[in-house]
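Summary of the model geometry
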Amino acid sequence: MKIKLVITFLFISVLGFAQNKGTITGTLTDKDLNNETLPFANVVLKGTTIGVTTDEMGKYSISIEAGTYTIQFSFLGYENIEEKVEVKAGETITLNKALGSGNYQLQDVVIQNTVSREKESVLLLDQKKAVEIKQSIGAQEMSRKGVSDVATAVTKTTGITKQEGTGNIFVRGLGDRYNSTTMNGLPIPSQDPEKKNLNLEIFSTDIVESVSIDKVYSTRLFGDFAGGNVDIISKDYKGKGFLKFDIGSKINTNSVTEDNFKLQKGYNSFGFSTTTIPNNPLTSYGFNTLQLESKNPFAGTIGLSGGKNFNIGSEGKLNLFATASYSNEYNSITDGSVKSINGSGVANKDFNDFTSMSYSTNFTGMVNIGYKMNSNNKINFNSIFINTAALSKEEYTGYFVDGGDDGNGFIRRNKYDKNTLWINQLLGDHKLSSRSKFNWGVSYNTITGDQPDRTQNTLNLQPAGGYILLGQSAANNHRYFQKLDETEVATNLSVDYKFNKNADGDFKGKFTVGYSAKIKKRNFEATQFNFKPSNANSGDIVDINNLDLFFNQQNYTNDFFEISTFRGNSNAAGATNPQFYKGDLFVNGGYLNTEYKFNKVTAVIGLRGEYLLQKVQWNTSLDPDGGSDELDKIAFLPSLILKYELNEKQNLRFGFSKTYTLPQFKERALFIYEEVNESKIGNPNLYESDDYNVDIKWELFPKSEELVSITAFGKYILNPINEVTIVSSTNDVSYVNTGDYGYVAGAEVEYRKLLFNFSEGNAKKLSAGINASYLYSNQELNSAKVIKETDYNVAFTNKESKLTGASDLLLNADISFLSEWNNKESNLTSTIAFSQFSDRVYSIGTNNRGNQVDKAFGTLDFITKVKLNKNLGFGLVAKNLLNPTINRVQENNSGDVNVLSYKRGVALSLGVNYQF
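Residues numbered from 1 in each chain as written. Predicted model: local features only at pLDDT ≥ 70, side-chain atom pairs only at ≥ 80, totals over all residues. Heavy atoms only, no water.

Some remarks on the pairing of strand β20 (residues 299–312)
Pairing geometry for strand β17 (residues 242–252) and β20, over nine bridges, is antiparallel. Bridging from a neighbouring strand, I247 pairs with I302 of β20. As paired strands, β20 and strand β21 (residues 316–341) are joined by twelve bridges and run antiparallel to one another. The residue of β21 that forms the bridge with K308 is L320. Joining the antiparallel neighbours β20 and β21 is a turn of three residues, in which G313 adopts a positive phi near 70°. (Pairing = 2+ DSSP bridges. Helix = DSSP H or I, 4+ residues; strand = E, 2+ residues; numbered from the N terminus.)

Describing the pattern of salt bridges
Scanning the entire structure with this criterion turns up 33 salt bridges. One salt bridge in this structure joins K393 and E395, with 3.8 Å as the shortest N-O distance. Accessibility classification places K393 together with E395 in one group, the buried group. When the shortest N-O distance is used, the salt bridge between K415 and D417 registers 4.0 Å. Taken together, the salt bridges that share partners define one network made up of E486, E488, K520 and R522. (Salt bridge = Lys/Arg side-chain N within 4 Å of Asp/Glu carboxyl O. Buried < 20%, exposed > 50% of the residue type's maximum accessible area, 1.4 Å probe, protein only.)

A closer look at unusual backbone geometry
The phi torsion at N280 lies on the positive side, around 50°, for a residue other than glycine. Position of N280 among the secondary structure elements: in the loop between β18 (262–264) and β19 (292–294). Relative accessible area serves as the criterion here: at 54%, N280 is assigned to the exposed category. The backbone of N719 sits at a positive phi, close to 60°, despite the residue not being glycine. For N719, the location among the structural elements is in the loop between β38 (707–718) and β39 (721–725).

Here we look at the confidence of the model for the chain
Scored by pLDDT, the chain has a mean of 85; 91% of the residues are at 70 or more. Per-element averaging of pLDDT across the chain places helix α1 (residues 2–19) at the bottom with 44 and helix α6 (residues 553–557) at the top with 96. Predicted confidence is poor over residues 102–116, with pLDDT under 50, and the contacts of this stretch with residues over four places away or in other chains come to 52 contacts. (pLDDT = per-residue confidence, 0-100. Contact = heavy atoms within 4.5 Å.)

Thoughts on a nonpolar patch on the surface
A surface patch of nonpolar side chains, about 770 Å² in accessible area, is lined by Y444, V489, I519, F586, L607, Y611, I634 and F636. Secondary structure elements with two or more residues in the nonpolar patch: β32 (601–620) and β33 (623–647). Mapped onto the elements, V489 comes out in strand β27 (residues 478–501). By relative accessible area, V489 is classed as partly exposed at 42%. (Patch = residues over 30% accessible without salt bridge, like charges linked within 9 Å, V, L, I, M, F, W, Y side chains within 5 Å. Areas by Shrake-Rupley, 256 points an atom, 1.4 Å probe, with all protein chains shown as cover.)

Here you go:
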């Protein structure tokens with residue numbers, strides 16, 4: 001009886017206590033992003049320890065005793081809002097608020113003056129909420145891992161590698177032609193006539209908020225997609241006005257230990273100089289010097305950035321952000337060797353000593369203007385100017401046929417590349433109603449790629465000492481001028497309409513109708529001037545460090561050498577007219593997506609229709625009379641994406657799509673480009689591939705900074721395109737549809753873990769991450785198909801092969817430590833990062849030669865950054881600490897033969913920044 005009385009008493013007490021409570025509930029939104037929901041924001045009762053954080057949909061709920069309270073709403077990088085409210089017993093108060101960045105300055109532990117959407121935790125949340133399958137890396141993670149350019153940034157994500165010495169990336173084993181690059185969803189052009197995508201190394205992370213990688217096709221993207229799309233999200237500044245100054249220095253161990261670091265004279269250190277073809281180049285000698293000058297190989301960086309915002313009226317806000325930076329870098333390849341061999345292992349080139357020295361610069365400037373008219377309308381303007389330059393010298397010593405038969409040949413190539421990219425974008429985001437939204441964007445981009453006055457000299461070391469110039473071929477000694485001009489106009493338009501509103505006020509369905517188009521025009525021209533020593537002077541001893549003593553106006557007047565182009569000498573009509581090709585591309589596409597949420601399953605069914613027309617015309621040494629060709633295609637590209645929410649922390653995703661792969665202009669123009677060890681020829685009969693893509697992914701988000709995911713994927717490619725060596729007297733390389741099919745299958749695993757976190761007061765965190773990919777690829781190699789479809793003859797060594805660029809195993813791992821002090825104004829971040837890839841095919845074997853394979857190697861980097869106070873910070877980065885020997889072998893039946901070997905050296909940099 002007593003027990004019943006006690007239970008009854010407790011029940012009445014609890015009931016009475018509960019009846020004395022009220023509830024405050026609501027949703028927080030981001031007024032700078034058209035009132036998108038704001039997850040993980042703080043809702044606290046001022047003066048108490050009572051508080052909650054909003055969930056993934058920005059919703060919150062607090063049950064408290066009746067009374068009067070002041071509610072504080074806050075989010076990292078945003079202004080705080082306070083609201084006084086009276087809570088009555090048994091009542092529920094709905095209190096919705098919109099937070100903006102206001103004049104608040106984010107003091108992030110790693111990145112200063114950035115909004116929190118650059119943070120790893122927020123990007124993981126975006127990944128979790130998104131229906132599409134995507135990955136992102138934000139400015140915070142890039143800084144923590146010592147990443148200074150976008151090419152390196154994307155290799156820190158699962159399934160992506162970068163070709164050594166270039167900015168070319170491979171996504172799931174698929175190279176440049178299968179991938180695409182955009183900025184803020186709009187396409188950007190390439191500076192390289194051979195490449196579809198821009199060298200991502202030229203994009204400094206100073207201008208980047210985050211980089212998103214789409215490996216599963218969505219109909220909002222252009223259909224020329226198979227591997228992945230890299231979307232660079234430029235900085236969209238919000239916060240308090242600031243001004244920041246950076247300065248740093250860096251060295252490469254190979255370069256600073258080089259006793260004789262010399263490069264060609266005539267180019268300034270800032271990367272803006274250029275040269276042109278002299279007047280009357282076939283009747284006089286007015287070319288630039290061939291002399292070399294010594295360099296002091298210590299490089300540096302300098303940068304200035306600032307931002308400010310202004311309130312305009314009661315709702316409007318104008319955000320301004322600008323940055324400018326300049327960096328240079330010295331690099332040297334040592335312990336190098338290069339070979340070109342046949343299937344029996346006999347070499348036609350065997351350079352046992354190969355060295356390369358280079359000096360490169362990068363100037364980047366960006367202006368971002370964001371105008372938010374009100375909570376429903378926002379316009380952004382971005383203008384980005386990037387100028388890169390690279391001056392290099394390559395020297396090859398050893399054996400080659402016709403001149404270096406006794407291993408006494410010597411070739412020197414000086415090259416200067418200058419690329420200028422200008423990107424202009426205008427973007428709009430408009431909320432038309434609670435159901436509909438209109439997004440649009442237009443861009444105008446230009447790029448100029450110059451390779452002015454590339455020089456090559458071929459010599460022979462005489463038994464008695466001294467070098468002579470070789471003249472068996474007129475092209476042994478030449479100067480080459482190349483210029484690419486490209487303009488691209490693009491637009492994206494889309495309208496979202498939500499439907500089927502449920503009792504909670506959420507919409508279950510959404511239609512998206514969109515349109516996108518791009519028009520690209522390219523003009524490419526090249527002229528090569530050959531300098532052939534006369535028979536009477538072909539045995540003259542020359543100074544390899546001062547070839548101007550032979551190639552000069554006086555010797556030309558005295559007939560020591562002859563100057564000609566592929567069209568002939570000065571007696572030939574139009575001999576100085578350049579080779580050229582012109583390319584035009586028009587792509588016009590529309591799409592419809594239907595998204596619907598069936599309880600825990602969300603489905604997106606999309607269809608894109610696209611018409612494309614590619615025109616190429618040329619007049620080259622291979623076709624002096626000129627020619628042209630067209631490729632047009634109407635494509636219907638379906639896609640399906642499914643997301644199943646297993647619970648609040650786990651998702652299961654599925655994606656399927658059809659896409660295509662388009663050849664590039666230069667691949668279809670009958671033009672020849674000559675390197676020291678190979679020549680490449682276009683193929684007018686080349687045509688597009690069709691691709692079928694499937695993905696299934698499971699992901700778990702244990703905490704806000706943690707992730708576990710497993711992905712399985714497959715790709716089936718009809719008529720894959722490859723570079724192959726064709727049967728010719730000079731073993732030229734061309735581009736062909738090598739077979740009827742190819743496929744890739746594999747799995748990816750990613751794990752991010754917060755090992756410990758003491759977050760009370762000054763934080764101390766230890767975190768780790770690892771991602772790994774396994775790939776299996778195969779493709780048919782069909783010589784009969786190539787011979788039937790082209791004017792070239794190809795004899796494949798094997799009947800099938802892995803895809804070029806595909807590594808069986810990719811691995812990235814890192815561990816980071818963060819320590820804060822001085823009330824979070826000071827902090828230290830240190831990271832060790834490791835990357836490894838296994839063997840991958842560089843080129844497909846023909847004529848009994850085996851495949852050329854880049855052998856596996858790993859890289860180890862160390863990054864540490866310290867912020868002493870709110871103004872002053874330092875950083876130290878050490879890259880490529882293992883400094884492995886990089887090898888390429890040819891897999892002949894008689895055994896592997898090393899055809900390329902070198903070391904790149906360790907890169908060290910020290911930086912200082914001061915923020916006002």
